[in-house]
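Structural overview for review
Residues per chain, in single letters:
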Amino acid sequence: MNKIAMVTGATAGIGMATAKMLAKNGYNLILTGRRSERLLAFENELINEFKIEVLSLNFDVRNRMETQKILSELPQKWEKIDVLVNNAGLASGLDFIHQGDIDDWETMIDTNIKGLLYVSRQIMPLMVNRKKGHIVNISSIAGKETYLKGNVYCATKHAVDSLTKAMRIDLLPYGIKVTSISPGMVETEFSEVRFHGDKERAKNVYAGLTPLFANDIADAIEFAITRPAHVNINDILIMPTAQANSSHTHRE
Ligand code: NDP
Ligand code: 8X3
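How each quantity is defined
Residues numbered from 1 in each chain as written. Chains lettered and ligands numbered in written order. Predicted model: local features only at pLDDT ≥ 70, side-chain atom pairs only at ≥ 80, totals over all residues. Heavy atoms only, no water. Helix = DSSP H or I, 4+ residues; strand = E, 2+ residues; numbered from the N terminus. Contact = heavy atoms within 4.5 Å. Salt bridge = Lys/Arg side-chain N within 4 Å of Asp/Glu carboxyl O. Buried < 20%, exposed > 50% of the residue type's maximum accessible area, 1.4 Å probe, protein only. Near = heavy atom within 4 Å. Polar contact = N/O pair within 3.5 Å; in protein donor to acceptor, adjacent residues only side chain to side chain. Areas by Shrake-Rupley, 256 points an atom, 1.4 Å probe, with all protein chains shown as cover. Nonpolar A, V, L, I, M, F, W, Y, C, P; charged D, E, K, R; others polar. Core = buried A, V, L, I, M, F, W, Y, C linked by side-chain atoms within 4.5 Å. Expected span 1.5 Å × (residues − 1). Bend = angle between axes of the 7 residues up to and from the residue. Pairing = 2+ DSSP bridges. Axes fitted to C-alpha atoms, helices over the stretch in contact; angles between N-to-C directions.

1. Side note on the environment of serine 92
As for its placement among the helices and strands, serine 92 is situated in the loop between strand 4 (83-86) and helix 4 (102-130). The spacing of serine 92 and glutamate 200 is 108 residues in sequence and 16 Å in space, taken between C-alpha atoms. When residues no more than four places from it in sequence are discounted, the contact partners of serine 92 are Asp104, Met108, Arg194 and His196.

Right, here's the structure in full:
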């Protein structure tokens, strides 16, 4: 029987690369996202290429009722989740805090904090019952440092960092591993989403430097989930060589 992993936000970027890495490692996969066509196409690709089983769940993690309903009705054979990757997340906008768009703030808080909590609240009891499991939360350098105009995004990732620590404490008696992965700049759809579809502005974020790619983050996750049973990786802070921290990059 294959192990089971669940990845939220598997329709793009880090989530998609992580799902492929997990498929290569022989996991059966529960994949989530809002874009159903992409989800279905990806499901078919993984089944054909890796001969694994895939359960695609099409929902918005911000929707508490829907998230609860879908995850509380998981078919029994899918309940034995070994690895949960809480990846779904986004930045929306990059503004001075006194000029910030409150809709952007709500979107980030609802997705990055509340969505992660809604999903985890359904899956953690399944792991607790089995005294087994590994939760990987995708945080960010933005969860360690606060940068100009990053305000609310940084606050949501600081919250992810704090929730990761809280999970590690509360789930300790059950042998559940909890890891956070904290990347610097990764070229995905992230900046396009942050700048509300402005492709040119998004491209400029990575101009003149080599950023991380989604596969680099999947590699870090692979390292974390393949350690022996007695080893937990608390956090991996992973940056492009051309980025020292949130505010210092070297561009050619
Ligand atoms: P992408 O925009 O490429 O992917 C984001 C994924 O999250 C998509 O699959 C998207 O799916 C999903 N998602 C977003 N909102 C929701 C929602 N409300 N409900 C369900 N799924 C949702 O970005 P990345 O791959 O870069 O981002 C993944 C994670 O990595 C995020 O948590 C981000 O904060 C974090 N991160 C990114 C960095 C970067 O520089 N790229 C650096 C550090 C951390 P869909 O739209 O189909 O719902
Ligand atoms: C995304 C990376 O540097 O925009 O979390 O915060 S950054």
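Next comes the rest of the account.
2. Observations regarding the pattern of salt bridges
Pairs can form between side chains of opposite charge once their charged atoms are near each other. Per the stated rule, a full pass over the model turns up 14 salt bridges. Here arginine 35 makes a salt bridge to glutamate 189, at a shortest N to O gap of 3.3 Å. Residue arginine 35 is found in the loop between strand 2 (28-33) and helix 2 (36-50), and its partner glutamate 189 is found in the loop between strand 7 (186-187) and helix 6 (190-194); the two are separated by 154 residues along the sequence. Residue classification places glutamate 189 among the partly exposed residues on the basis of a relative accessible area of 27%.

3. Side note on the site of ligand 1
Within the structure, ligand 1 sits among 30 residues, and Thr11, Arg34, Asp60, Tyr153 and Thr188 are positioned closest to it. A distance of 2.6 Å is found between an oxygen atom of ligand 1 and a side-chain nitrogen or oxygen belonging to arginine 34. The side chain of tyrosine 153 places a nitrogen or oxygen atom 2.7 Å from an oxygen atom of ligand 1. Relative to its unbound accessible surface of 870 Å², ligand 1 loses 97% to contact with the protein. Elements with a contribution of two residues or more to the shell around ligand 1: helix 1 (13-24), helix 5 (151-170) and helix 6. Its residues placed into classes, the shell around ligand 1 shows 13 nonpolar, 11 polar and 6 charged.

4. Observations regarding the nonpolar core
The biggest cluster of nonpolar side chains holds 35 residues, and the ones touching the most others in it are Leu29, Leu31, Leu46, Ile181 and Ile221. Listed by contribution, the elements that provide at least two residues to this core are strand 1 (4-7), helix 1, strand 2, helix 2, strand 4, strand 5 (134-138), helix 8 (214-225) and strand 9 (235-238). Element by element, the count of residues in this core is highest for helix 8, at 7 residues. Discounting residues that sit within four places of it in the chain, leucine 31 has contacts with Val7, Ala10, Ala19, Leu39, Phe42, Leu46, Val54, Leu55, Ser56 and Leu57. Leu116, Ile123, Leu126 and Ile135 belong to the second-largest nonpolar core, a separate cluster that totals 25 residues.

5. Concerning helix 4
Between the first and last C-alpha of helix 4 there are 41 Å, a value that for 29 residues agrees with the 42 Å anticipated at 1.5 Å per step. Taking the largest bend as the criterion, helix 4 deviates by roughly 35°, centred on lysine 114. For helix 4, the N-terminal capping position is held by aspartate 101, with its side-chain oxygen 2.7 Å away from the main-chain nitrogen of aspartate 103. Just beyond helix 4, the residue with positive phi is lysine 131, at close to 50°.

6. Comments concerning the site of ligand 2
By nearness alone, every residue bordering ligand 2 is listed as Ser140, Ile141, Ala142, Tyr147, Tyr153, Phe190 and Arg194. Measuring from an oxygen atom of ligand 2, one finds a side-chain N or O atom of serine 140 at 2.5 Å. Measuring from an oxygen atom of ligand 2, one finds a side-chain N or O atom of tyrosine 153 at 2.6 Å. Isolated, ligand 2 exposes 240 Å² of accessible area, and the fraction of that covered by the protein chains is 85%. Tallied by class, the residues present in the shell around ligand 2 amount to 5 nonpolar, 1 polar and 1 charged.

7. Here's the deal with the environment of valine 152
When you line up the elements, valine 152 lands in helix 5. For the pair valine 152 and alanine 12, spaced 140 residues apart in the sequence, the C-alpha separation amounts to 23 Å.

8. Section: the sheet that holds strand 6 (residues 177-183)
In a beta sheet, neighbouring strands are held together by backbone hydrogen bonds and run either parallel or antiparallel to one another. Read across the open sheet, the 7 strands follow the order 3-2-1-4-5-6-9; overall the sheet is parallel. For this open sheet the edge positions go to strand 3 (54-58) and strand 9, each flanked by a neighbour on one side alone. Neighbour to neighbour, the strand axes of the sheet diverge by 15° on average, direction disregarded. Looking at chain direction, strand 1 and strand 4 are connected through 3 bridges and run parallel. Across the sheet, the residue bridging to valine 7 is valine 85, located in strand 4. In the packing of helix 1 onto the sheet, the strands contacted are strand 1, strand 2 and strand 4, and the crossing angle to strand 1 comes to about 175°. Across the sheet, helix 4 lies against strand 1, strand 4 and strand 5, angled at about 170° from strand 4, the strand it touches most.

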